[in-house]
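# Structural features, examined
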Amino acid sequence: MKVKLNINGKDYESEIEPRMLLVDFIRDVAGLKGTHVGCETGSCGACMVLLDGMPAKSCLMLAAQAQGKKIVTIEGLSAGGKLNSVQRSLSERKALQCGFCAAGFSIMGTWILENEREIDYEKVKTDLAGVVCRCSGYERVIDSIVEAAKNERKN
Amino acid sequence: MSERTEKFFMGKGRFVDDITFPDMLYLEIVRSTQAHARILSVKGGLTANDLPLNLTSTGESYRRGRDYEVEPVLAKEKALYYGQPVSAVYDRDRYKAKDLVETVEISYDELKPVLSIEESLNSAPIHESRKDNVVSKFEIGKRFSLDSVVKLSDQLYIERVLPNPLETRGIVAYYNSGKLNVWISTQSVYSIKNGLTRILGLDPSDINVYQADTGGAFGSKSAVYPEYVIACYLSMKTKQPVKWIESRDEHITSTRPGRGAKAELQIYGDREGRIKGIEGKIYVDVGAYADDLSSTSPSWIGYQITGPYSIENVFIEGYSVYTNKAPLGPYRGAGRPEAAFFIERMMDMYADHIGMDPVELRLKNLPEKAFESPTGLKLLPSKAFFEDGIKKIGYSKLKKKNAGISFGILLPAVSGGESAKIKVENGIIKVWLGGNAHWQRHELFVKRILKEILGIPEDKVFLMNGDTTELQKGIGTWGSRSAITAGNALYKAALLLKEKAQKMNINDQENLLKSDLSSEYYENMQLDPTMISFLLTAAVAEIQDGIKPVIKEVWAYYDVGEPLSEEAVYGQITGGLLMGVQEVLSEALKYDSKGKPIPETLAAAGIAYSINAPKYHVQIATFGRSNTPHGAKGVGEAGTVGAPPAAARAIENLLGKRVNRLPLDFDLLA
């Protein structure tokens, strides 16, 4: 079947098998490798994208289901080669180690900053419950997102 | 690009699944759906009959004259664990390759699986050429007999645990113009290169191994696995690039898990809390096949069974045994957490029995002067460290809560030493280490050492991924060894580079960066008591939602020697603590009665999510420098050694029931 997906503001049109997962379209058709496959069952969040502004696990849906929606991947968060405020904060605090989870925390952190009101440690800790970091113990990840929110409010 | 992980935020990491070539074949493995069975026939795919004889997967380590069974690349007459590779299929299309798995027909004659240490000792051998299921036996320490007033025994058990790095295993193999090129997610390109060279019968100059960005490992990415051999073999046969990426369910059934250890221990002491001796048996379930590491695991646990204490009498019999489960591998700590859990749980039992405070009991048994245990473990006196730590973590207040405390040691795996290479190129400095980082933050100590010795600013220093064409010899990153061994090699390589520069009258960093100088250094190392870290860990438990015991807070007062980078050390400690706590609460690889792994997803394996994270109180301490030029000690496994016994004790206090199994037994909650 033919699908046209809008990823990071750009249209990608391709003939695909109906069963193709969104994450495979993003990685193998659009060639955007920052979205990862960690678990294939929605347990880890390494494949997270924003779908019309909402966080979604791209390993759990078909590419065809995303037609007509605006898809933002991790590459779309650093427009013009500049990290967004959540990513900068994660980077400066050296919150991540192996880096495989970068898409999950960047996407979820960005959503938190844009959508949550009272952003504190406990709120972020709960919101991140679907994204796995196997390396860090989470504390610095949570701190980074809380700090990014504080800085945003100041500006 | 001052912060290395920036590239990951740009989506520009290069993990192994990000590497593609035109005409690449996707390899998929057809696995046994039986834990123990005779294979009657295999129809379809590449089978054991198609492979050259003697293609085996020799595991992480290999010893000539070995006396254990190594894993074949593909099972031939018998399948010995659920998930064992039996056949291989491939296609240019990833989805079609997965479809092909379904077309392979395997018929089995089911046999009763051997699934526990007890069953293993009492069952017919799963390897028919052997007389029983014992892989190896050890006697550690010296037999003794004591007439002590206090004599206590218990059985302790740690379930198998999966490493579950966020990125699963994977390889791209490309045999091109007579050379085999391998890109792989790994802890050591050298372990992979040496293993593949030997298994495939290649000349070392005909194989190059490149480390892709590696998304975590925790022990699981150092061994040479069957899938790697098949991918290389297939590429050599077809002359096409071949990619194999492990799925999460394959990780659960077929990647080597860790732990799976049992102890039957007896301790002897007096009423005043002075421990006189420890004896007993330690068993390790190595699964269906063994390697040097798994087969010697009971002896390594026994070697450090005294923890930081001066126990004069030690006698341990160790057994590693075969079962119908995936072969055992190292998991963060690899033997150290087992020893710590065993001795610390016995210390708490002893304290309770004589009615003494567990901390007072522990302090009483620390050596007053340098001590060598009957197993040969050499320790420096550590009383000052632990007394200090007890104050620093505020033990007097914790005592009133449901708290647990553990005293521990961390033995770094320094043997073999390590290598490092420094190369000035186009105004920057590139560094390769024999231990291939997966961003446990090795780059931070690399930058610090080069700044200290060569005066090079941190933003000009880049730690490169492992590459056997750049640095020929190396060991790997595991066993809390990198800061000590790779740090030592880098320090000395930097001194060499400095010497070269001075000979050429280059005395400032500006001109050094304009040069094309390089240096390389390798040094073997031996474990020395100054390299052993001391660990003080505490945990507080609470009941959540009226039913579930959780760990609310954790304290770590850890000796890291000279801290090369507090940021790197901090993240390693909190990450390790969470894994350690989770191993007590829920993380485990259990099997059903037919030998099939029970968890089917990452979540079901019981790993920790953000909501499971306790509050951390980490204090980085320096209790003397290690006997190395830079003074560092190890840290990577500290949390997984310290947290389990502390968390187990906290929960024991909370529930009022003895905790002698990990993870927690649900019966305790009844």
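What counts, and at which threshold
Residues numbered from 1 in each chain as written. Chains lettered and ligands numbered in written order. Predicted model: local features only at pLDDT ≥ 70, side-chain atom pairs only at ≥ 80, totals over all residues. Heavy atoms only, no water. Helix = DSSP H or I, 4+ residues; strand = E, 2+ residues; numbered from the N terminus. Buried < 20%, exposed > 50% of the residue type's maximum accessible area, 1.4 Å probe, protein only. Contact = heavy atoms within 4.5 Å. Areas by Shrake-Rupley, 256 points an atom, 1.4 Å probe, with all protein chains shown as cover. Lys, Arg positive; Asp, Glu negative; His and termini not counted. Charge placed at Lys NZ, Arg CZ, Asp CG, Glu CD. Axes fitted to C-alpha atoms, helices over the stretch in contact; angles between N-to-C directions. Left-handed = near helix turned anticlockwise from the far one by under 90°. Nonpolar A, V, L, I, M, F, W, Y, C, P; charged D, E, K, R; others polar. Polar contact = N/O pair within 3.5 Å; in protein donor to acceptor, adjacent residues only side chain to side chain. Pairing = 2+ DSSP bridges. Buried area = accessible area lost by both parts, 1.4 Å probe. Salt bridge = Lys/Arg side-chain N within 4 Å of Asp/Glu carboxyl O. Domains from an automatic or database assignment. Disulfide = S-S within 2.5 Å.

### Examining the overall build of chain A
Looking only at helices and strands, chain A features five helices and five strands. For chain A, the α and β elements follow one another from N to C terminus as β-β-α-β-β-β-α-α-α-α. Oriented by its inertia axes, the alpha-carbon framework of chain A measures out at about 45 × 30 × 25 Å. Put simply, chain A has 155 residues, and 60% of those count as buried. Across chain A, the fraction of contacts at a sequence separation of at least 24, relative to all contacts at a separation of at least 6, is 55%. Carbon and sulfur atoms provide 48% of the accessible area of chain A, an area that totals close to 6200 Å². For chain A, the distance from the average position of its 21 positive side-chain charges to the average position of its 20 negative side-chain charges is 3 Å.

### Details of the packing of helix H3 (residues 102-115) of chain A against helix H5 (residues 139-154) of chain A
In a packed pair of helices, the relevant descriptors are the angle between the two axes and the axis-to-axis distance. All names here are of chain A. The geometry of H3 relative to H5 is characterised by a closest axis approach of 10 Å and an angle of 35 degrees between their N-to-C directions. H3 and H5 meet at a crossing whose hand is right-handed. Here Phe105, Gly109, Ile112 and Leu113 of H3 lie close against H5, whose contacting residues are Val141, Ile145, Ala148, Ala149 and Glu152. Across the contact of H3 with H5, the residue classes break down as seven nonpolar, one polar and one charged.

### Digging into helix H2 (residues 85-92) of chain A
With respect to burial, H2(A) is a largely interior element, six of its eight residues being buried. Inspection of H2(A) places Ser85(A), Val86(A), Gln87(A), Ser89(A), Leu90(A) and Ser91(A) among the buried residues, and these make up the whole buried set. Looking at the buried residues of H2(A), the elements they touch are H3 and H5 of chain A together with helix H1 (6-9) of chain B. The backbone nitrogen of Val86(A) has a side-chain oxygen 3.1 Å away, supplied by the residue at the start of H2(A), namely Asn84(A). Looking at the residues trailing H2(A), positive phi occurs at Lys94(A), about 50 degrees.

### As for the environment of Asn627(B)
All names here are of chain B. Counting through the fold element by element, Asn627 comes out in the loop between strand E27 (615-621) and helix H17 (638-655). On the basis of relative accessibility, which here comes to 53%, the residue Asn627 falls in the exposed class. Taking the C-alpha atoms as reference points, Asn627 and Pro529, 98 residues apart in sequence, are found 8.7 Å from one another. Discounting chain neighbours no more than four positions away, the residues touching Asn627 are Asp528, Thr530 and Met531. Side chain to side chain, Asn627 and Asp528 meet in a polar contact 3.0 Å long.

### What to know about the sheet that holds strand E6 (residues 78-79) of chain B
Residues and elements named next belong to chain B. If you walk across this open sheet you meet the three strands as E6-E2-E8, and the pairing is antiparallel. A single partner strand is all that each edge strand has here, and the edge strands are E6 and strand E8 (105-110). Taken together, the two bridges between strand E2 (residues 37-43) and E6 define a ladder with antiparallel strand orientation. For Arg38, the partnering residue across the bridge sits in E6 and is Lys78.

### A closer look at the interface of chain B and chain A
Listed as interface residues are 56 residues of chain B and, on the opposing side, 49 residues of chain A. For the pairing of chain B and chain A, the buried interface totals around 4300 Å² over both sides, and the portion due to carbon and sulfur atoms is 55%. Counting the surface chain B buries against chain A, the share from its top three residues, Phe9(B), Tyr95(B) and Leu166(B), is 22%. Counting across the chain B and chain A interface gives five salt bridges. A salt bridge links Arg94(B) to Asp28(A); the nearest nitrogen and oxygen atoms lie 3.8 Å apart. At the junction of chain B and chain A, the tally comes to 24 residue pairs in polar contact (both at pLDDT 80 or more). Elements represented by at least two residues in the side of chain B that touches chain A include exactly H1, helix H2 (94-101), helix H6 (248-254) and helix H16 (566-585) of chain B. Its residues assigned to classes, the side of chain B that touches chain A comprises 24 nonpolar, 17 polar and 15 charged.

### Remarks on unusual backbone geometry
All names here are of chain B. The peptide bond linking Leu662 to Pro663 adopts the cis configuration, its omega dihedral lying at -5 degrees. Despite not being glycine, Arg259 shows a phi value in the positive range, around 55 degrees. You can see Arg259 is positioned in strand E15 (residues 258-269). Residue classification places Arg259 among the buried positions, given a relative accessible area of 3%. The phi dihedral of Ala334 is positive, around 40 degrees, even though this residue is not glycine.

### Thoughts on the domain arrangement of chain A
Residue and element names in this part refer to chain A. Domains assigned within chain A are domain 1 (2-73) and domain 2 (85-154). Here the C-alpha centroids of domain 1 and domain 2 sit 22 Å apart. On the domain 2 side, the residues contacting the 18 residues of domain 1 number 10 residues. For the pair domain 1 and domain 2, the summed buried area comes to about 1000 Å², and 70% of that belongs to carbon and sulfur atoms. Summed over the three residues of domain 1 that lose the most area to domain 2, namely His36, Met48 and Leu50, the buried surface amounts to 40% of that side.

### Comments concerning the sheet that holds strand E14 (residues 242-245) of chain B
Residue and element names in this part refer to chain B. On the basis of which strands lie adjacent, the open sheet formed by seven strands has the order E3-E7-E1-E14-E11-E12-E13 and mixed pairing. Every interior strand has two partners, whereas the edge strands, strand E3 (46-47) and strand E13 (207-211), have only one. The pairing of strand E1 (residues 25-31) with E14 spans two bridges and is classified as parallel. Paired with Leu25 across the bridge in E14 is Val242. Here helix H4 (residues 189-200) sits on the sheet and contacts strand E12 (179-184) and E13; the angle it forms with E13, its principal contact strand, is near 150 degrees. Relative to the sheet, helix H5 (residues 226-238) contacts E1, E3, strand E7 (85-91), strand E11 (170-176), E12 and E14, its axis offset from that of E11 by approximately 25 degrees.

### Describing the state of the cysteines
Residues and elements named next belong to chain A. Taken as a whole and assessed by the stated rule, the structure comprises zero disulfides over all chains. Summary of cysteine pairing: Cys101 is not part of a disulfide, and the nearest cysteine sulfur, belonging to Cys133, is at 4.9 Å. Among the residues examined, Cys101 registers a relative accessible area of 4% and is labelled buried. Here Cys135 stays unpaired: no disulfide links it, and the sulfur of Cys98, its closest cysteine neighbor, is 3.9 Å away. Taking relative accessible area as the criterion, Cys135 reaches 7% and is therefore assigned buried.

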